[in-house]
Amino acid sequence: GVCQPADVAADGTWQVYFACPNRVLLMTDVSDGSVIGIAHFRHMPGIRSLQPWGFLGDIHIVPAKQGRGLGRLLFLELLRIAKKEELSTFRWKCLKNNEAALGFYHRLGFEPSSSKLVQYCG
């Protein structure tokens, strides 16, 4: 289930963050059913706005399948889910020295910032 803002208000602690379920989106190869991509994310309860938001923990495509646009498809599916589930924002963090990931997000139109779109940290 999705953590609701009322859960935060009723609990009054940060414990609700640990209760939010992790979700995994898998991408499989249609030829053999093997997993070739994974995205780990979760709904997070809104504190100030009371609007739930999404947090991307990881996104990965197996090395042999990288460079084919699969990461883009997986990420766009995450954004579609976020919109469908009416998440106010979708956030993630990336190390400043992770040039491959920074390039990936840049090609998707995102830039490092502390705005609602993306947060990068080092």
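Here, every reference points to the structure presented above.
Definitions and cut-offs
Residues numbered from 1 in each chain as written. Predicted model: local features only at pLDDT ≥ 70, side-chain atom pairs only at ≥ 80, totals over all residues. Heavy atoms only, no water. Buried < 20%, exposed > 50% of the residue type's maximum accessible area, 1.4 Å probe, protein only. Helix = DSSP H or I, 4+ residues; strand = E, 2+ residues; numbered from the N terminus. Contact = heavy atoms within 4.5 Å. Axes fitted to C-alpha atoms, helices over the stretch in contact; angles between N-to-C directions. Left-handed = near helix turned anticlockwise from the far one by under 90°.

**Q** Lay out helix H4 (residues 99-107) with the relevant residues and their values.
**A** Considered for burial, the residues of H4 that qualify are Ala101, Gly103, Phe104 and Tyr105. Buried residues belonging to H4 abut strand S3 (53-61), helix H3 (70-84) and strand S4 (90-92). At the exit of H4 stands Gly109, carrying a positive phi of roughly 100 degrees.

**Q** Which residues make up the packing of H3 against H4, and what values go with them?
**A** It is at 11 Å that the axes of H3 and H4 come closest, and there the two elements cross at 65 degrees. The handedness of the crossing between H3 and H4 comes out as right-handed. Along its contact with H3, which presents Gly71, Arg72 and Phe75, the element H4 presents Phe104, Tyr105 and Arg107.

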